[in-house]
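The chain contents come next:
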Amino acid sequence: MAGDQRGGGNRLADVGEQPGFETLAIHAGQEPDPTTGAVITPLYLTSTYAQDGVGGLRGGYDYSRSVNPTRTALESCLAALEGGVRGFAFASGMAAEDTLLRALCAPGDHVVIPGDAYGGTFRLFDKVLNRWGLSYTAVDQTDLAAVQAAVRDETTLIWCETPTNPLLTIVDIGAVAAIAHEAGALLGVDNTFASPYLQRPIGLGADIVMHSTTKYLGGHSDVVGGALVVSDQELAERIAFHHNAMGGVAGPFDAWLVLRGIKTLGVRMDRHCDNAERVVAMLREHDAVTQVHYPDRNEVAAKQMSRFGGMVSFRVAGGEPKALDVCARTRVFTLAESLGGVESLIEHPGRMTHSSVAGSPLEVPSDLVRLSVGIETAHDLLADLRQALG
Ligand SMILES: Cc1ncc(COP(=O)(O)O)c(C=O)c1O
């Protein structure tokens, strides 16, 4: 039972047709508790489980680093939403990435990463795994010839982020999957910015999907977590072994919070998209704004995403001082790192989330401002940005 995550539970199997996204979000892996009928998955705050005689496990549960029922519910739900065979919940997005990389790669291997990867991802490759013998090449993955040229005999993985953080660059998942598979490598996609509601990479050819569940999946800025979902059983076994062996697992309360957040993912994402579209339309008309990054006019995004999400970044006339000034002036948008919660956030990537790429080829423009557009009343968000831009 503990390891079986296929499908969405018995009641969903009886629905007949493949259940819709919101039905899976609310029910997959979340059968009412068999003992009490509790509708909401209980929070199993236990490190260990009584055994009926040595080796007599009840439902496969022995120790909570290896398996915990609250975490299993979340992992089943994640697998159902991403269309994979198995999901894994981690203590953070970075723990998920580190576990994945050390499970799939060995010293001497090589990974192709995005030219504007999330700063923490770049730091993991550049400062941690590089020392351990894993080399990487950062390329603009919108340039498929450059991706192809970066692949070497030792390439075991192409790591892709789409849309990227913070420039909202779109990468063609199907095309990069074809390059990876042709080279005998795997494709992993960081799907944090889109969420499975807007984009499902496994259906487009990816082998592994990763999330910082801290963001849209959790959705309320009250938990840090990460996730991996894999497309086949062999990969699932490799990740499962390392998940347990390395131990960067999600605690039960964190898993419970993410599971609760996921129930409203669809309605939240619709409102994030509505509000972001309003914000983008205003910014595109504003004199103080020189460039807006939002993928609504991108052909590849139109092909692989259902809508374009709640993340927006823009450059301002007046350079870094103006960008910092805008960040300091907002009142509804809170100046803070992170993204994907119900509340709107503003930040300066160059000095905040992406300071770890300063001085590298991945450095972000100093006049760039990033918004995580929340689900507040749209006109309050527009008024706040207008007054901040001056
Ligand atoms: C795109 C992306 N990937 C990965 C991460 C890392 O996730 P976490 O902070 O949960 O470790 C983040 C965090 O901001 C992110 O934005």
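Above: the structure in question.
What counts, and at which threshold
Residues numbered from 1 in each chain as written. Predicted model: local features only at pLDDT ≥ 70, side-chain atom pairs only at ≥ 80, totals over all residues. Heavy atoms only, no water. Helix = DSSP H or I, 4+ residues; strand = E, 2+ residues; numbered from the N terminus. Contact = heavy atoms within 4.5 Å. 1 Å grid on protein atoms, 1.4 Å probe; cavity = no way out; pocket = protein on both sides within 12 Å on 5 of 7 lines; lining within 4 Å. Points joined across faces, edges and corners; volume = space filled by probe spheres on them. Nonpolar A, V, L, I, M, F, W, Y, C, P; charged D, E, K, R; others polar. Core = buried A, V, L, I, M, F, W, Y, C linked by side-chain atoms within 4.5 Å. Buried < 20%, exposed > 50% of the residue type's maximum accessible area, 1.4 Å probe, protein only. Axes fitted to C-alpha atoms, helices over the stretch in contact; angles between N-to-C directions. Parallel < 35°, antiparallel > 145°, perpendicular 65-115°, else oblique. Left-handed = near helix turned anticlockwise from the far one by under 90°. Pairing = 2+ DSSP bridges. Disulfide = S-S within 2.5 Å.

Draft legend 1. Representation of the environment of Ala-206 in the model. Residue placement: Ala-206 occurs in the loop between helix H8 (201–204) and strand S6 (208–212). With 135 residues separating them along the chain, Ala-206 and Gly-341 place their C-alpha atoms 26 Å apart. Ala-206 has contacts with Ile-173, Ala-177, Leu-187, Val-189, Pro-201 and Ser-231, leaving out every residue within four places of it along the chain.

Draft legend 2. Seen up close, the layout of surface pockets. Estimated volume of the second largest pocket: approximately 420 Å³. What lines the second largest pocket is a set of 27 residues, among which Met-94, Tyr-118, Asn-165, Ser-212 and Lys-215 lie closest to the centre. Among the elements of the structure, helix H4 (93–104), helix H5 (119–129) and S6 are those that each provide at least two residues to the lining of the second largest pocket. In terms of residue class, the lining of the second largest pocket is made up of eight nonpolar, 12 polar and seven charged.

Draft legend 3. View of the nonpolar core. By size, the foremost hydrophobic cluster in this structure holds 65 residues, and its most contacted members are Leu-74, Ile-262, Leu-283, Val-312, Phe-314, Leu-371 and Leu-389. Here this core takes eight residues from helix H11 (residues 265–285), the largest share from any one element. The contacts of Phe-314, once residues within four sequence positions are left out, are Leu-283, Val-289, Gln-291, Val-292, Val-326, Asp-367, Leu-368, Val-369, Leu-371 and Leu-389.

Draft legend 4. Highlighting the packing of H4 against H5. At their nearest, the axes of H4 and H5 sit 11 Å apart, and the two run at 45° to each other. Judged by the angle between their axes, H4 and H5 are oblique. Here H4 runs over H5; the crossing is right-handed. Here H4 contributes Met-94, Glu-97, Asp-98, Leu-101 and Arg-102 to the contact with H5, which in turn contributes Gly-120, Thr-121, Leu-124, Phe-125 and Leu-129. Looking at the contact of H4 with H5, its residues break down into five nonpolar, two polar and three charged.

Draft legend 5. Structural view of the sheet that holds strand S10 (residues 334–335). Spatially, S8-S9-S12-S11-S10 is the arrangement adopted by the five strands of the open sheet, whose pairing is mixed. Here the strands that pair on one side only, and so sit at the sheet edges, are strand S8 (289–293) and S10. Judged from the five bridges that link them, strand S9 (residues 311–316) and strand S12 (residues 368–372) form a sheet pairing that is antiparallel. The residue bridging Ser-313 from the neighbouring strand is Arg-370, located in S12. With respect to the sheet, helix H13 (residues 319–329) is in contact with S9, S10, strand S11 (345–347) and S12, its orientation differing from that of S9 by roughly 135°.

Draft legend 6. Geometry of the state of the cysteines. Tallied over the entire structure, the rule returns zero disulfides. A disulfide-free cysteine, Cys-77 has its sulfur positioned 19 Å from the sulfur of Cys-273, the nearest such atom. For Cys-77, a relative accessible area of 0% gives the class buried.

Draft legend 7. Expanded view of the sheet that holds S6. The strand order across the open sheet formed by seven strands is S1-S7-S6-S5-S4-S2-S3, and the pairing between neighbours is mixed. Strand pairing shows two members of the sheet lacking a second neighbour, strand S1 (86–90) and strand S3 (135–139), which therefore form its edges. With direction set aside, neighbouring strand axes in the sheet form an average angle of 20°. Across five bridges, S6 lies against strand S7 (residues 226–230) in antiparallel orientation. Across the sheet, Ile-208 pairs through a bridge with Val-230, a residue of S7. In the packing of helix H3 (residues 69–82) onto the sheet, contacts are made with S1, S6 and S7, and the angle to S1 comes to roughly 130°.

Taken by themselves, the reported measurements are silent on function.
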